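If you want the building blocks of each chain, they are given just below.
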Amino acid sequence: DAGITQSPRYKITETGRQVTLMCHQTWSHSYMFWYRQDLGHGLRLIYYSAAADITDKGEVSDGYVVSRSKTENFPLTLESATRSQTSVYFCAGLDSGSGSDTQYFGPGTRLTVL
Amino acid sequence: GQQLNQSPQSMFIQEGEDVSMNCTSSSIFNTWLWYKQDPGEGPVLLIALYKAGELTSNGRLTAQFGITRKDSFLNISASIPSDVGIYFCAGTLVTGANSKLTFGKGITLSVRP
């Protein structure tokens, strides 16, 4: 158990709608990450956060917004969903307490944009 | 950006066989991690490597951090059906909590009973 939960697990939305994917952690990870996983691309970093109110862009951040008002929550918002954002989204937390770079992943949210 | 290369994309082996997977890069990495992903689930950490030359085992799994720091391998011995899944290598260029992971594209392993 990595202490990372994601909701919803499955979501279908329409082009142009705003949708928010939730990520909650119970392990007090200071760092949290959002990835998308697509065939042929592996896992690509969307956004990450070092602490509450500190966020930074990753490799594929266009069209996404994040916030982190509380350490335990790291929601990802698609402001105006596009079909190219159909993907599986994973949230991860970093076990910085051990001094390592080990990230632990949630179960993922499968998003379909029609 | 930095890339980790994993090939082939898919591997098919017989139950009981050993299998080895490689991950290479043109850049030097400070940390190497191996993850396994089951269908419909998130990646799960198998082994983490922090020093060049380090050899670490986890049950039937063994992984090594290459001496050049540009590669790593994962061995699975005496494969069983539940070894089926996607195996990702990942690495960080900078040690520490502010480092970002770079992932390979993964190898899909199939095990024939």
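Use the structure listed above.
Residues numbered from 1 in each chain as written. Chains lettered and ligands numbered in written order. Predicted model: local features only at pLDDT ≥ 70, side-chain atom pairs only at ≥ 80, totals over all residues. Heavy atoms only, no water.

Caption draft 1: How the structure looks around the interface of chain B and chain A. Taken together, the 24 residues of chain B in the interface contact 22 residues of chain A. Counting the surface lost from both chain B and chain A, the interface buries some 1700 Å², and carbon and sulfur atoms represent 56% of this. For the side of chain B that touches chain A, the elements supplying multiple residues, two or more each, are strand S3 (31–37), strand S4 (44–49), strand S8 (85–92) and strand S9 (101–103) of chain B. Here the residues of the side of chain B that touches chain A are counted per class, giving 11 nonpolar, 10 polar and three charged. (Contact = heavy atoms within 4.5 Å. Buried area = accessible area lost by both parts, 1.4 Å probe. Helix = DSSP H or I, 4+ residues; strand = E, 2+ residues; numbered from the N terminus. Nonpolar A, V, L, I, M, F, W, Y, C, P; charged D, E, K, R; others polar.)

Caption draft 2: Structural detail: the pattern of salt bridges. What the rule picks out here adds up to five salt bridges over all chains. Between A:Arg17 and A:Glu14 there is a salt bridge; the shortest N-O distance is 3.4 Å. What makes A:Glu14 partly exposed here is its relative accessible area of 44%. As a salt-bridge pair, B:Arg60 and B:Asp83 come within 2.8 Å of each other at their nearest N and O atoms. Placement of B:Arg60 in the loop between strand S5 (55–58) and strand S6 (61–65) and of B:Asp83 in the loop between strand S7 (71–76) and S8 is noted, with a sequence separation of 23 residues between them. The exposure class assigned to B:Arg60 is partly exposed, which follows from its relative accessible area of 29%. Relative accessible area serves as the criterion here: at 6%, B:Asp83 is assigned to the buried category. In this structure, a network of salt bridges that share partners links the residues A:Arg36, A:Asp38 and A:Arg44. (Salt bridge = Lys/Arg side-chain N within 4 Å of Asp/Glu carboxyl O. Buried < 20%, exposed > 50% of the residue type's maximum accessible area, 1.4 Å probe, protein only.)

Caption draft 3: View of the sheet that holds strand S3 (residues 19–25) of chain A. All names here are of chain A. Strands sit in the order S1-S3-S8-S7 across an open sheet of four strands; the sheet is antiparallel. Among the strands making up the open sheet, the edge pair consists of strand S1 (4–7) and strand S7 (64–66). The sheet shows a mean angle of 20° between the axes of neighbouring strands, direction not considered. One ladder, built from four bridges, connects S1 with S3; its direction is antiparallel. When the sheet's bridge partners are listed, Ser 7 is paired in S3 with Met 22. (Pairing = 2+ DSSP bridges. Axes fitted to C-alpha atoms, helices over the stretch in contact; angles between N-to-C directions.)

Caption draft 4: Seen up close, the side chain of B:Lys36. All names here are of chain B. Mapped onto the elements of the fold, Lys 36 is located in strand S3. Judged by its relative accessible area of 13%, Lys 36 is buried. Within the structure, the side chain of Lys 36 is placed 3.1 Å from the side chain of Asp 38, a separation counted as a polar contact. Residue contacts for Lys 36: discarding those within four places in its chain leaves Gly 42, Pro 43, Val 44, Leu 46, Ser 82, Asp 83, Val 84, Gly 85, Ile 86 and Tyr 87. (Polar contact = N/O pair within 3.5 Å; in protein donor to acceptor, adjacent residues only side chain to side chain.)

Caption draft 5: Broad picture of the environment of B:Ile67. Residues and elements named next belong to chain B. Note that Ile 67 resides in the loop between S6 and S7. Spatially, the C-alpha atoms of Ile 67 and Gly 53 are 4.8 Å apart, while their sequence positions differ by 14 residues. If we skip the residues at most four places from it in the chain, Ile 67 touches Ala 52 and Gly 53.

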